[in-house]
Amino acid sequence: MLDKSPRPTTVPNDLAAHWMPFTANRAFKKNPRMLAGAKDMHYITVDGRKIIDAAAGMWCCNAGHGRSQIAEAIGQQAAALDYAPPFQFGIPQAFELANRIADLAPAGLDHVFFCNSGSEAADTALKMALAYHQINGQGSRTRLIGRVRGYHGVGFGGTSVGGIVNNRKLFGTLLTGVDHIPATYDREKQAFTKGEPEYGAHFAEELENLVALHGANTIAAVIVEPMAGSTGVIPAPKGYLKRLREITQKHGILLIFDEVITGFGRLGHAFAAERYGVTPDLLTFAKGVTNGAAPMGGVLVRDTIHDAFMSGPEHMVEFTHGYTYSAHPIACAAGLATLNIYRDEKLFEHAKAIEPKWADAVMSLKGLPNVLDIRTVGLTAGIDLAALPDAVGKRGYQAMEHAFHNTDLMLRIAGDTLALTPPLIINEDQIGEIVEKVGKVIKAVA
Ligand code: PMP
């Protein structure tokens, strides 16, 4: 059954009831982009067209689509044990998956707290940081610091520390006591960089100004993505994350890496922390942990933080936090099958090996109309297009529509930036195909 080609389904007559997330609903429903199947590097549309996936779904299907090992693991798990309460009861798969993830993580990040999404992972990490300081006798540390152009999901915590004005402006005061350090992007000094820009480590120093302003003993944690993904692929400048680590360590502030996108091979390593040689105190993950096939997220936790929670009376709950679907059996089964594929097919190593070819190919789009900048790191790329006059985001939107309807290409957009993040199984021919299609799209929206 699994090997049958996907069967196109018809588009329902009425699209009104489903209010789609983070979507221009009115525009979509006039001209829907409907998917019916997926295999390896491709989606199949409801009308049977094969679309090459330059987005790994939404940065999650790192092993490509339709992986039978994952589908079988999910089916078998659902039949054997569909659900188990994660509070006060355990399943072997959750412990095994936590061990496997901890083995992939930098030394010291040896504990895993499971949840169901990147948003929940961000909020879990922020709450864990606050609780840790309470337990540690430093309850005055309640301030949280994010970064401009950061994205940490849509919970109240993640929205508050997130640095995208549009995502915050509708929701009132959100969390109080939140600050943002500056984004690390400077087009004048960094344009058309492959990998980590030379310029920009000094942006980390802004943290010292916030410490001077508020006092270190009021600050709980700083959260950053090693590569800002949702705002258009902004890689950390050389030395930036090390500097953040030094400053946070000096002041007893916890450092949280949001690796929801960068985890599981996207930058050619299990985690970006390894690429940069910087170990945070907490590290959030989601997406690639199950290859997108089941919802799952989690937080990797440093030993010292975990152990601090374990010091109270043994019969008491150590961290009053968790979800009905934490460590869900189906997600755990999907996660274990996914990690087997990453290991057996050496996909992180493949991503690392093919990165230079990817970067060269994408960079060849420099010089096409309206291309203001191209950034690449790992198997990602951000291509900034000039906005149409008085219509920020419209050229990007047109590009995404044209790619899907006319070029058989799926890409993501962040305003007028095209974001490319293909599955890690990509080969050189497919890199060529994607870049050629992106070139056509850029010319079409010129
Ligand atoms: N953090 C980062 C860095 C992300 O990119 C995302 C999702 N794109 C999230 C958090 C939120 O994840 P989710 O949509 O699974 O809640």
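Residues numbered from 1 in each chain as written. Predicted model: local features only at pLDDT ≥ 70, side-chain atom pairs only at ≥ 80, totals over all residues.

J.: Lay out the overall build of the chain with the relevant residues and their values.
T.: Scanning the chain for helices and strands turns up 16 helices and 17 strands. Taken along the three principal axes of its C-alpha coordinates, the chain extends 60 × 55 × 45 Å. Counting every position in the chain, which comprises 446 residues, the buried fraction comes to 49%. Counting contacts in the chain only where the partners sit at least 6 residues apart, residues at least 24 apart contribute 72% of the total. (Helix = DSSP H or I, 4+ residues; strand = E, 2+ residues; numbered from the N terminus. Buried ≥ 20, exposed ≤ 12 C-beta atoms within 10 Å, placed from the backbone. Contact = placed C-beta atoms within 7 Å.)

J.: Outline the domain arrangement of the chain, listing residues and values.
T.: The accessible area lost on association of the parts is a frequent measure of interface size. Here the chain is partitioned into domain 1 (25-63 + 347-444) and domain 2 (72-344). Here the C-alpha centre of domain 2 lies 26 Å away from the C-alpha centre of domain 1. Of the residues lining the interface, 32 residues belong to domain 1; the matching set on domain 2 comes to 30 residues. Only helix 2 (56-59), helix 14 (347-363), strand 13 (371-377), strand 14 (380-385) and strand 17 (417-420) provide two or more residues apiece to the side of domain 1 that touches domain 2. Across the side of domain 1 that touches domain 2, the residue classes break down as 17 nonpolar, 9 polar and 6 charged. (Domains from an automatic or database assignment. Nonpolar A, V, L, I, M, F, W, Y, C, P; charged D, E, K, R; others polar.)

J.: Requested: an account of the sheet that holds strand 14, with residues and values cited.
T.: One open sheet holds the 4 strands; their spatial order is 13-14-17-16, and the pairing between them is antiparallel. Looking along the sheet, the strands with just one partner apiece sit at the ends: strand 13 and strand 16 (412-414). Averaged over all neighbouring strand pairs, the angle between strand axes comes to 20 degrees, with direction disregarded. Pairing geometry for strand 14 and strand 17, over 4 bridges, is antiparallel. Within the sheet, the bridge partner assigned to Ile383 lies in strand 17 and is Leu418. Packed on one face of the sheet, helix 14 meets strand 13, strand 14 and strand 17 and runs near 175 degrees to strand 13. (Pairing = 2+ DSSP bridges. Axes fitted to C-alpha atoms, helices over the stretch in contact; angles between N-to-C directions.)

J.: Can you break down the site of the ligand residue by residue, with the values?
T.: Inspection of the region around the ligand gives 14 residues, with Ser117, Gly118, Ser119, Gly153 and Val260 positioned closest. Per-element accounting of the shell around the ligand gives the leading share, 3 residues, to helix 5 (residues 118-135). When the residues that make up the shell around the ligand are grouped by side-chain class, the tally is 5 nonpolar, 7 polar and 2 charged. (Near = placed C-beta within 6 Å.)

J.: Can you tell me about helix 10 (residues 240-251), naming the residues and giving the values?
T.: The end-to-end C-alpha distance of helix 10, which contains 12 residues, comes to 17 Å, matching closely the 16 Å that a straight helix rising 1.5 Å per residue would cover. Lining the buried residues of helix 10 we find helix 9 (206-214), strand 7 (219-224), strand 10 (254-258) and helix 11 (272-276). (Expected span 1.5 Å × (residues − 1).)

J.: Just give me the short version of the pairing of strand 3 (residues 50-53), but keep the residues and values in it.
T.: In regular strands, side chains alternate between the two faces of the sheet. In the sheet, strand 2 (residues 42-45) pairs with strand 3 via 3 bridges, with the strands oriented antiparallel. Paired with Tyr43 across the bridge in strand 3 is Ile51. Between strand 2 and strand 3, which pair antiparallel one after the other, the connecting turn spans 4 residues, and Gly48 there sits at a positive phi close to 85 degrees. Relative to strand 15 (residues 409-410), strand 3 runs parallel, the two being bridged by 2 bridges. Bridging across to strand 15, Ile52 finds its partner in Leu409.

J.: Please provide a residue-by-residue account of unusual backbone geometry, values included.
T.: Phi is positive for Gln88, close to 70 degrees, though the residue is something other than glycine. With respect to the helices and strands, Gln88 occurs in the loop between helix 3 (68-80) and helix 4 (92-104). Of note, Leu174 is a non-glycine position whose phi angle comes to about 50 degrees, a positive value. As for its placement among the helices and strands, Leu174 is situated in the loop between helix 7 (165-168) and strand 6 (178-181).

J.: How would you summarise helix 9 if you had to cite specific residues and measurements?
T.: Residues of helix 9 that are buried: Leu207, Leu210 and Val211. Around the axis of helix 9, the buried residues are gathered within 100 degrees of arc, so they sit on the same side. Away from its buried face, by an angle of more than 90 degrees, helix 9 presents the exposed residues Asn209, Ala212 and Leu213. Against strand 5 (143-147), strand 6, strand 7 and helix 10 lie the buried residues of helix 9. A positive phi of about 90 degrees marks Gly215, the residue just after helix 9. (Arc of directions from axis to C-beta.)

J.: Kindly report on the packing of helix 15 (residues 394-406) against helix 16 (residues 428-444), identifying the contributing residues and their values.
T.: Helix 16 packs onto helix 15 with a crossing angle of 130 degrees between their chain directions and a minimal axis gap of 9 Å. On the basis of their axis angle, the class for helix 15 and helix 16 is oblique. For the crossing formed where helix 15 meets helix 16, the hand is right-handed. Residues Ala399, His402 and Ala403 of helix 15 lie in contact with helix 16, whose contacting residues are Lys437, Val441 and Ala444. For the contact of helix 15 with helix 16, the per-class residue count stands at 4 nonpolar, 1 polar and 1 charged. (Parallel < 35°, antiparallel > 145°, perpendicular 65-115°, else oblique. Left-handed = near helix turned anticlockwise from the far one by under 90°.)

J.: How would you sum up the environment of Met128? Please name residues and give values.
T.: For Met128, the location among the structural elements is in helix 5. On a C-alpha basis, the gap between Met128 and Leu244 in space is 20 Å, while along the polypeptide they are 116 residues apart. The contacts of Met128, once residues within four sequence positions are left out, are Leu282, Val299, Val301 and Phe319.

J.: Give a description of the pairing of strand 17 that names residues and reports values.
T.: Residues Thr417 and Ala419 point to one face of strand 17 and Leu418 and Leu420 to the other, with burial holding for every one of them. Strand direction decides the pairing type here: strand 16 and strand 17, joined by 3 bridges, are antiparallel. Each residue of the ladder has a partner; that of Ile413, found in strand 17, is Leu418. Here strand 16 hands over to strand 17 after 2 residues, with Gly415 in that stretch at a positive phi of 60 degrees.

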